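Single-letter residue listing:
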Amino acid sequence: MNNKMSIIGVPMDLGQSRRGVDMGPSAMRYAGAIEKLQELNIDTHDLGDIPINRPDQKNIDNDSNLKNLEQVIEANEKLAEMVDQEIEKGQFPLVLGGDHSIAIGSLAGVSKHYDNLGVIWYDAHGDLNSSETSPSGNIHGMPLAASLGIGHEKLTNLYGNAPKIKPENIVIVGARSLDPGERELIRERGIKVYTMHEIDRMGMSKVIEETIDYLKDRTDGIHLSLDLDGLDPSEAPGVGTPVIGGITYRESHLAMEMLAEAEVITSAEFVEVNPILDDKNKTATVAVALMGSLFGEKLK
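Residues numbered from 1 in each chain as written. Predicted model: local features only at pLDDT ≥ 70, side-chain atom pairs only at ≥ 80, totals over all residues. Heavy atoms only, no water.

- The name an unreviewed UniProt entry assigns to the protein chain is Arginase, from the organism Virgibacillus indicus.
- Heading Pathway (unreviewed entry) of the UniProt record for the protein chain holds this comment: "Nitrogen metabolism; urea cycle; L-ornithine and urea from L-arginine: step 1/1."
- Checking UniProt for the protein chain, the heading Sequence similarities (unreviewed entry) contains the comment "Belongs to the arginase family." (UniProt positions renumbered as here; feature names shortened; annotations may be inferred.)

Below, the structure written as structure tokens:
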């Protein structure tokens, strides 16, 4: 794994409806993200936060019913450009969110550098909605679909041509809340999904083993998109859309440790930490601990 890392904060909450997730990057820094990475002898450069323009009032696109569309696009364009530039410099981009709509920008920037980018989507949700299928109009439920070229053309074509990724190069881990349109899309496109049912039956070790085997030969880079709501709310309470029955803290550490051992991850983001909904910054602390495991921290 690349030992030169650039940290990019995206303090955005415009992709969803609950305030507070814009403070996620600050919460993770406060919980010691930079210090943790430096302890692991990673050459860490914190590039600060991308400025986010907030609308003066509730902003819903008349044609698509999407919330804060222009502001989300603007922020993701900035993020895509920064991620692209940092990879060009030989840096590993680590993005701190912010709501999960920022993955549109992350994947747009990363995908410029790979012909067959793989994605591990560690999340309770599929984020495969579009304006046609979304019950809410919240763009944080759409980044994976947009990156596949599905949805509003301003999202799908952000920072270059669509699609950014291929359905056969995606593995979703931890899904337990999928809308009907997402389930149909998963079946249609043959997207590989490990729900909590599979994790319970097979164990996390087997799930990650299969995920690595599935992606390593068909992809030339793998982006990890880790939504803290993938974990059970008892372990990570500070998220906007908690779903009970999730992945445990220990299972998540095992997953990160196995990815570290395999040395397959080439970019990553940690998103949806909302300190307003949290208990003493517990969720940000969990995020930082998982970063440690992903980037090589061991007990011995």
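### Observations concerning the UniProt feature "binding site: Mn(2+)" (unreviewed entry) in the protein chain
Here is step 1: When the UniProt feature table is mapped onto this chain numbering, "binding site: Mn(2+)" (unreviewed entry) sits at His-100, Asp-123, His-125, Asp-127, Asp-227 and Asp-229. In terms of the greatest pairwise C-alpha distance, the residues named above, spread along 130 residues, form a tight cluster of at most 12.2 Å across.
Here is step 2: Looking at where Asp-127 falls in the secondary structure, it is placed in the loop between strand E4 (117-122) and helix H5 (143-147).
Here is step 3: Of the residues examined, Asp-127 reaches a relative accessible area of 5% and is grouped as buried.
Here is step 4: Each residue touching Asp-127, except ones within four places of it in the same chain, is listed here: His-100, Trp-121, His-140, Gly-141, Met-142, Pro-143, Leu-144, Ala-145 and Glu-182.
Here is step 5: Separated by 3.3 Å, the side chains of Asp-127 and Trp-121 make a polar contact.
Here is step 6: With respect to the helices, strands and loops of the structure, Asp-227 is situated in strand E7 (residues 221-227).
Here is step 7: Since its relative accessible area comes to 2%, Asp-227 is described here as buried.
Here is step 8: Of the polar contacts made by the side chain of Asp-227, one reaches the side chain of His-100; its length is 3.3 Å. (Helix = DSSP H or I, 4+ residues; strand = E, 2+ residues; numbered from the N terminus. Buried < 20%, exposed > 50% of the residue type's maximum accessible area, 1.4 Å probe, protein only. Contact = heavy atoms within 4.5 Å. Polar contact = N/O pair within 3.5 Å; in protein donor to acceptor, adjacent residues only side chain to side chain.)

### As for the pairing of strand E3 (residues 92-97)
Here is step 1: Burial of E3 is extensive: six of the six residues sit out of reach of the surface.
Here is step 2: Here E3 shows a buried face lined by Phe-92, Leu-94 and Leu-96 and a second buried face lined by Pro-93, Val-95 and Gly-97.
Here is step 3: Where strand E1 (residues 4-10) lies against E3, six bridges are found, and the strand directions are parallel. The residue of E3 that forms the bridge with Gly-9 is Leu-96.
Here is step 4: Where E3 and strand E8 (residues 265-271) come together, three bridges link them in parallel fashion. Within E8, the position partnered with Leu-94 by the bridge is Ala-268. (Pairing = 2+ DSSP bridges.)

### Quick word on the sheet that holds E4
Here is step 1: Spatial strand order, E2-E1-E3-E8-E7-E4-E5-E6: eight strands in an open sheet with parallel pairing. Each end of this open sheet is capped by a strand with a single partner; those strands are strand E2 (43-49) and strand E6 (192-195). Strand-to-strand twist of the sheet, defined as the mean angle between neighbouring strand axes without regard to direction, takes the value 15°.
Here is step 2: Note that E4 and strand E5 (residues 170-175) share four bridges and pair parallel. Looking across to E5, one finds that Tyr-122 is bridged to Val-173.
Here is step 3: Those strands touched by helix H4 (residues 103-110) are E3, E4, E7 and E8, and its axis lies near 160° from that of E4. (Axes fitted to C-alpha atoms, helices over the stretch in contact; angles between N-to-C directions.)

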